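Each chain is listed here by its residues.
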Amino acid sequence: MKDTQPPRTSLITSLILAVGITLLVCIAAWAFFSIRYQKQRMMGEILMQTERLSNTIKLGTHYAMMLNSGEDIDRIIRNISRQKEIEFIRIYNKEGLVRFSNRETEIGRRTTIDSEACRICHRQEPPPTELPLKTRVRMLPTDASGRRMMGLITPIMNEPGCTGSSCHVHPSDIRVLGLLDVVVSLNETDAEIGVVQNGIIGLAVLIFLFTSVMIGLFILRFVNQPIKKLIHETRRIAKGDYSHTIDAEESYEMEQLAEAITDMAQQIAGKQDELNKQKDRFRQLFEQVPCAITVQDRNYRLIEYNQEFEDTFAPKPGDFCYYAYKGRTEKCENCPVEKTFQDGGTHYSEEAGLTKAGEPAHWIVRTSPIRDEAGEIVAAMEMCLDITHSRLLEDQLKEAEKKYYDIFNNIPNPVFVLDEETLEILDCNQSVVAVYGLEPKELLTTSFLALFLEEERAGYAAQIHRGRVINQARHRHKDGRTIYVTIRVSPSKYRNRDVLLVTTGDITKRLEAEQQLIQASKMATLGEMASGVAHELNQPLAVIKTAGSILMKKLKKSVLADDETLRNVSEKIDANVDRASNIIEHMRQFSRKYDARRESTQINAVIEKAFEMFDQQFKVRGITTEWDLDPELPAIMAEPNRLEQVFVNLFINARDAIEERWELHDDDKNGKNIRIVTYQDDDTVVVEICDSGIGIPPAIAGKIFEPFFTTKDVGKGTGLGLSISYGIVSELGGEIFVKPSTEGGACFVMRFSPKAGQNGTNNSAG
């Protein structure tokens, strides 16, 4: 494209023209005002001379006018008019007649008001009697020879002497008697003005030429040459040569300019080095950035790309982006580069393709526009972040989630995901259908507490929040029946929120089997207690028999017994009948199925009740009982009937251990003894039942609580008593263990927490 710019004027030419025009205007103005001043000065001098001449004529003719001597006046006018500059001298009367003139032809001529001489005063009515000097002057038109003339009108005023009788009488009310009109030639004045004007113009021209030459030489020497040198050095700087120092000594300012350009060159050199370093650094970042970057034109061809892109896809310069990325022959349908060229914005997309090794690749694309100086989009930058590993992990995570979700749904026990605060059911598995008869969708968004009996919900809420294991809790089935479950609570995370993971296990059938087993154990215990019970019943029956025999003997002899004897016999019969009834009722209560509800229980009372069935047995066998019960024990939450079975089992084991020891060591001097102790250890209620029996060898101490394990002879034990006792104590939140007794036998220790179940709920129902 050809350069259409107009040719440029050099700085020197422009400077000379500017200075020359300025100088010319200044000198021309000076010449104009000087000439004007000289003209005004000379014209003022002529005017003053003419006025003095008019006054001289007035004074010279004043006496002649007083005497009305026309000849004298005429002679004076002619004599004065002989001067070279004077052209006309006229005296007008008040009627406008020329009474006197240096030219006889004008005498007696009447002038009009419109004439030049009269118009000076008569252009306003009434005409003024006094006028300033400048208003009384008039310039007459040039004549045929080109001469200029100037006329001055001077009024002739009426004086007091003119109104006397000695003079021609003029009325006193008339102020102006006539006019004196003096016309002088301006030839000499114009000639003098011409000489002055030519002199001023000539001087101005000389000054302009001399000044212009001097300014031009100065500019050439002190401006043009230094500027050319600076231009030369600046072009060297533009070519990248920053090492040369500019030397300019023509003037202080030029030296400063040279130093400034030198400093600029050094700064440019430093900035250039910094820019080169930044360029190298940015290029290095561009090449080493861990994402693929390409620059594309509007035709989607690759203009530039970094090393990461080249290593991943092996492109060639000029390839289409869709071919380099995906091996396609046409543009992608959803192309973010196309959108960037359309609206100039940033766009995102997720793409998939194959690397140059043929492996699948996934990446996130972000595009941004590249603009030129005019703001037009000339290219688009495309940045690709490799997410192949993340995508593979997502796929693996989805498979793992599916697998664990399948496991979650196939767990045989119901599993609930609860909100940590509200206990709302967020999720549950399919096992809830088999246990509760409810579909998962029926449970979602409901409260987990709705599965409990209404009166027990408040107590269980606190236990669930504490993350406790709850045994034998009662839940509702869809059909309205009650089921027993074991609940395990653990904190967890679910979709970035804190939750409680709750697993329930239906133990209804197990409890039924345990109840049957416990009932069978009770029957076996009753069988083991048969001989003792028989003795317990024989004693009251013997008393009744004896009392009956006494009464029968009295009746056979027809001897009436006294009232005191009858009362004593009746009381013994009644008391022993009650005793036998209590033993039978106790046996009946012990043998029946228990009510699986906990209540506040005094453990001392349960021990004493269980001991009632063994009191006579121990006495018959010579077994003494040592009691040390703490009357201040706090109550515990328990099932008295089941807890009684534990003590009955321990009393039977103690009895049998003592009997076995005396069968093996008949000569043993140690007494037969059972010691029963209760006390409080911090927050724990402790029960110890110790005997002086044969004891438990350390080798089998760890097995005695296993089901069907027994050290008794065949037919003397089932091996269920201690196992069932261990289960009952554990379900009550306590613990049971055995240790050697100080008397050589065994000591069973049980520990219970008074706080367990204090809320009154059945948290361990059977």
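Residues numbered from 1 in each chain as written. Predicted model: local features only at pLDDT ≥ 70, side-chain atom pairs only at ≥ 80, totals over all residues. Heavy atoms only, no water.

**Notes on the packing of aromatic side chains**
Here comes step 1: Enumeration according to the criterion identifies 17 aromatic pairs in this entry.
Here comes step 2: Between F452 and Y460 the ring centres are 4.6 Å apart and the planes differ by 25°, which places this aromatic pair in the stacked class.
Here comes step 3: By relative accessible area, which is 0% here, Y460 ends up buried.
Here comes step 4: Among the aromatic residues, ring-to-ring pairing joins Y305, F309, F313, Y325 and W363 into one connected group.
Here comes step 5: Of note, R90 hangs over the ring of F88, and the distance from its end group to the ring centre comes to 4.4 Å. (Phe/Tyr/Trp six-rings, centres within 6.5 Å; stacked < 30°, edge-to-face > 60°. Buried < 20%, exposed > 50% of the residue type's maximum accessible area, 1.4 Å probe, protein only. Lys NZ or Arg CZ within 6 Å of the ring centre and 35° of its normal.)

**Regarding a negative patch on the surface**
Here comes step 1: A cluster of like negative charges, contributed by E308, E310, D311 and D386, occupies part of the molecular surface.
Here comes step 2: No other element matches helix α6 (residues 307–313), which puts three residues into the negative patch. (Patch = residues over 30% accessible without salt bridge, like charges linked within 9 Å, V, L, I, M, F, W, Y side chains within 5 Å. Areas by Shrake-Rupley, 256 points an atom, 1.4 Å probe, with all protein chains shown as cover. Salt bridge = Lys/Arg side-chain N within 4 Å of Asp/Glu carboxyl O. Lys, Arg positive; Asp, Glu negative; His and termini not counted. Charge placed at Lys NZ, Arg CZ, Asp CG, Glu CD. Helix = DSSP H or I, 4+ residues; strand = E, 2+ residues; numbered from the N terminus.)

**Comments concerning the confidence of the model for the protein chain**
Detailed reading of the predicted coordinates is not advisable wherever pLDDT falls low.
Here comes step 1: This prediction gives the protein chain a mean pLDDT of 79; 78% of its residues lie at or above 70.
Here comes step 2: The model gives residues 757–766 a pLDDT under 50, and that stretch makes 43 contacts with residues more than four places away or in other chains. (pLDDT = per-residue confidence, 0-100. Contact = heavy atoms within 4.5 Å.)

**Things to note about the pattern of salt bridges**
Here comes step 1: Here the structure, examined in full by the defined rule, presents 28 salt bridges.
Here comes step 2: With a closest N to O distance of 2.4 Å, D190 and R148 form a salt bridge. With D190 in helix α4 (residues 187–238) and R148 in the loop between β3 (137–140) and β4 (149–157), this residue pair connects regions lying 42 residues apart in the sequence.
Here comes step 3: On the accessibility criterion, D190 (25% relative accessible area) is partly exposed.
Here comes step 4: For R148, a relative accessible area of 28% translates into the label partly exposed.
Here comes step 5: A salt bridge links D656 to R655; the nearest nitrogen and oxygen atoms lie 3.1 Å apart.
Here comes step 6: We classify D656 as partly exposed; its relative accessible area is 22%.
Here comes step 7: Taken together, the shared-partner salt bridges connect R90, E106, R138 and D181 into one network.

**A look at the sheet that holds strand β19 (residues 673–681)**
Here comes step 1: Read from one edge to the other, the open sheet built from five strands follows the order β17-β19-β20-β22-β21, with strand pairing classed as mixed. Two strands bound the open sheet, and with one partner strand each, they are β17 (624–628) and β21 (735–740). The mean angle between the axes of side-by-side strands here comes to 15°, regardless of whether they run parallel or antiparallel.
Here comes step 2: Inspection of the sheet shows β19 paired to strand β20 (residues 684–691) by eight bridges, in the antiparallel sense. (Pairing = 2+ DSSP bridges. Axes fitted to C-alpha atoms, helices over the stretch in contact; angles between N-to-C directions.)

**Some thoughts on the pairing of β4**
Here comes step 1: For β4, the buried fraction is high: eight of the nine residues fall into the buried class.
Here comes step 2: Relative to β4, β3 is paired through four bridges, and the arrangement is antiparallel. Looking at β4, one finds that R138 is bridged to G151.
Here comes step 3: Pairing geometry for β4 and strand β5 (residues 176–185), over nine bridges, is antiparallel. Counterpart to P155 in the pairing with β5 is L179.

**What to know about the state of the cysteines**
Note on terminology: a disulfide is the covalent bond linking the sulfur atoms of two cysteines.
Here comes step 1: In this structure the tally under the stated criterion is one disulfide.
Here comes step 2: For C690, the disulfide goes to C747, at an S-S distance of 2.0 Å. Highlighted residues: C690 in strand β20 and C747 in strand β22 (residues 746–752), separated in sequence by 57 residues. The burial state of C690 is the same as that of C747; both residues are buried.
Here comes step 3: Lacking any disulfide linkage, C332 is separated from the closest cysteine sulfur, that of C335, by 6.2 Å.
Here comes step 4: Taking relative accessible area as the criterion, C332 reaches 15% and is therefore assigned buried. (Disulfide = S-S within 2.5 Å.)

**As for the nonpolar core**
Here comes step 1: Membership of the largest hydrophobic core comes to 39 residues, with the highest contact counts inside it found for I603, L643, F647, F651 and M750.
Here comes step 2: Elements represented by at least two residues in this core include exactly α16 (603–611), β18 (636–638), α18 (640–664), β19, β20, α19 (721–731) and β22.
Here comes step 3: Ranked by the residues each element gives to this core, the list is headed by α18, at ten residues.
Here comes step 4: Membership of the second largest hydrophobic core comes to 25 residues, among which are Y436, I464, I470 and L500. (Core = buried A, V, L, I, M, F, W, Y, C linked by side-chain atoms within 4.5 Å.)

**Focus: the sheet that holds strand β13 (residues 470–476)**
Here comes step 1: Taken in spatial order, the five strands make up an open sheet running β12-β11-β15-β14-β13, and their pairing is antiparallel. Since the sheet does not close on itself, it has two edges, and those belong to β12 (425–428) and β13, each with one partner. Shown here is a sheet whose adjacent strand axes are inclined to one another by a mean of 35°, direction ignored.
Here comes step 2: Taken together, the five bridges between β13 and strand β14 (residues 482–493) define a ladder with antiparallel strand orientation.

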